[in-house]
Amino acid sequence: MKILIDQKGRKYIFNNEDMHTKDGVIKKEDVEKCEIGNTVKTHLGIEYTVISPNVSDIMQKAKRGPQAITLKDAALIAGFANLHSGSKVVNAGTGSGILDIFLAYVVEPEKVISYEIREDFAKIAKKNFEKFGIKNVEIKMKNIYEGIDEENLDAIILDLPEPWRVVPFATEKLKIGGTLISFSPSIEQSKKFHDALNANFLQETFECILRNWDMKAVRPCSRMIAHTGFITVARLISKKKETKEKNKMEISPEV
Ligand code: SAH
């Protein structure tokens, strides 16, 4: 797959057809012949650079149904879940498959198992996987509140309305040392999820506020995405402990 970058740094996906840009038409054959890193010209002589998309380009350009996860949150989730090539991960719900795409890059050649209840969203996700050549995601049409089929998991990742309902299955299906992570837009959801965790989990909740800088003006950009969601990371450290509130272990940020 190729993407084209215009003189202002804007990116356009090449869909194997002539491209009608604001700078003129770019012929399909010219892009096909063009090697990565080289430039093609529109019929008005304006140059576009051809490169391969990276995972952030794909996440930006994928079609969206429900609210999708952003790169900053996906990257933190993968980091805190200790994901790497070969990790076994269940993700729910699939939505447009944006988080799945990021996870698929990280755990390859292992496949991501992604639970979804809505056919219409699963369809959008499948189209995104096809379009961007993502082969290692399996969508399972199943309500994750009713259970998880997979065993011995390194991570379970949740982006759905009632994550606390998955906690009882997580203890059983995660490896010791594995991680249950929930992403929620509202702190009330995070609090309920937190309250459902027991002393078997070592846990922390945070949000990531990413602020870009305008390096010409040498100051922060005026606009930003102020809020996406809260992330709760819960690492399973034992399967035995009692589930009393007072036994809970929380990680405090180091000072
Ligand atoms: N993380 C996704 C967006 C998820 S939106 C992305 O980056 O694209 C939340 C999704 O969870 C919706 O598609 C919704 O249909 C699905 N969902 C809600 N409850 C569910 C359940 N009990 N089991 C599986 N999927 C569920």
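Note that this is a predicted model, so its numbers are computed, not measured. Position numbers for residues count from 1 along each chain, tracking the sequence in the order it is written. In keeping with the predicted nature of the model, local features appear solely for residues at pLDDT of at least 70, side-chain atom pairs appear and are counted solely at 80 or more, and the whole-chain, interface and lining totals rest on all residues. Note that the side-chain values use all heavy atoms of the structure and ignore hydrogens as well as water.

Explanation requested: the site of the ligand in the structure shown.
A cutoff of 4 Å decides nearness: a residue is near a molecule or strand if any of its heavy atoms lies inside that distance of it. Around the ligand, the structure places 23 residues, and the nearest of them are E116, F121, N143, I144 and D159. Side-chain atoms alone can form a polar contact between residues adjacent in sequence; in general such a contact is a pair of N or O atoms within 3.5 Å, and within protein one must be able to donate a hydrogen while the other accepts it. One of the backbone N or O atoms of I98 is found 3.2 Å from an oxygen atom in the ligand. Here a nitrogen atom of the ligand sits 3.1 Å away from a polar atom, N or O, in the main chain of I144. In isolation the ligand exposes 580 Å². Once the protein is present, 92% of that is buried. Contributions of two or more residues to the shell around the ligand are made by α4 (98-107) and β8 (112-116). Partitioning the shell around the ligand into residue classes produces 12 nonpolar, seven polar and four charged. Surface accessibility in these figures is a Shrake-Rupley result with a 1.4 Å probe; residues are shielded only by whichever protein chains are displayed. Secondary structure is summarised from DSSP: a helix means a run of H or I of at least four residues, a strand means a run of E of at least two, and numbering begins at the N terminus for each. Any residue that is not Ala, Val, Leu, Ile, Met, Phe, Trp, Tyr, Cys, Pro, Asp, Glu, Lys or Arg is counted as polar, Gly included; the first ten are nonpolar and the last four charged.

How do you make sense of the packing of helix α3 (residues 71-80) against α4 when you look at a structure like this?
In a pair of packed helices, the angle between the axes and the distance between the axes together describe the arrangement. Helix axes use the C-alpha atoms of the stretch in contact, all axes being lines fitted to C-alpha atoms, and the angles between their N-to-C directions lie in the range 0 to 180 degrees. In contact at an axis separation of 10 Å, α3 and α4 are set at 40 degrees when each is read in the N-to-C sense. By the angle class used here, α3 and α4 are oblique. Here α3 and α4 pass one another in a crossing that is right-handed. Residues L71, A74, A75 and A78 of α3 form the contact with α4, whose own contacting residues are L99, F102 and V106. Here the residues of the contact of α3 with α4 sort into seven nonpolar, no polar and no charged. Roughly parallel refers to an angle under 35 degrees, roughly antiparallel to one over 145, roughly perpendicular to one between 65 and 115, and oblique to any angle outside these ranges. Note: crossing handedness is left-handed where the near helix turns anticlockwise from the far helix by less than a right angle, and right-handed where it turns clockwise. In this analysis, two residues are considered to be in contact whenever any of their non-hydrogen atoms come within 4.5 Å of each other.

So what exactly am I meant to see when it comes to the packing of aromatic side chains here?
Pairs were defined over the aromatic rings of Phe, Tyr and Trp, the Trp ring being its six-membered one, requiring ring centres within 6.5 Å. Orientation was assigned from the angle between planes: stacked under 30 degrees, edge-to-face over 60, tilted for the rest. Taken as a whole and assessed by the stated rule, the structure comprises two aromatic pairs. A centroid spacing of 6.1 Å and a plane angle of 45 degrees characterise the contact between Y12 and Y48, whose relative ring orientation is tilted. Taken together, the residues span a long stretch of sequence, with Y12 in strand β2 (residues 11-13) and Y48 in strand β6 (residues 47-51) at a distance of 36 residues. In this scheme, a residue with accessible area under 20% of its type's maximum is buried, one over 50% is exposed, and one in between is partly exposed, where area comes from a 1.4 Å probe on protein chains only. Exposure remark for Y48: the relative accessible area of 0% places this residue in the buried category. Seen in terms of ring centroids, F80 and F206 are 4.8 Å apart; in terms of plane orientation they differ by 40 degrees. Their pairing is tilted. Taken as a pair, F80 in helix α3 and F206 in strand β12 (residues 201-207) lie far apart in primary sequence, 126 residues in all.

I tried to follow the side chain of N198 on my own but got confused; where do I start?
Turning to its location among the elements, N198 is positioned in the loop between α7 (187-196) and β12. On the accessibility criterion, N198 (10% relative accessible area) is buried. Within the local environment of N198, its side chain forms a polar contact with the backbone nitrogen of N200, the two atoms lying 2.8 Å apart.

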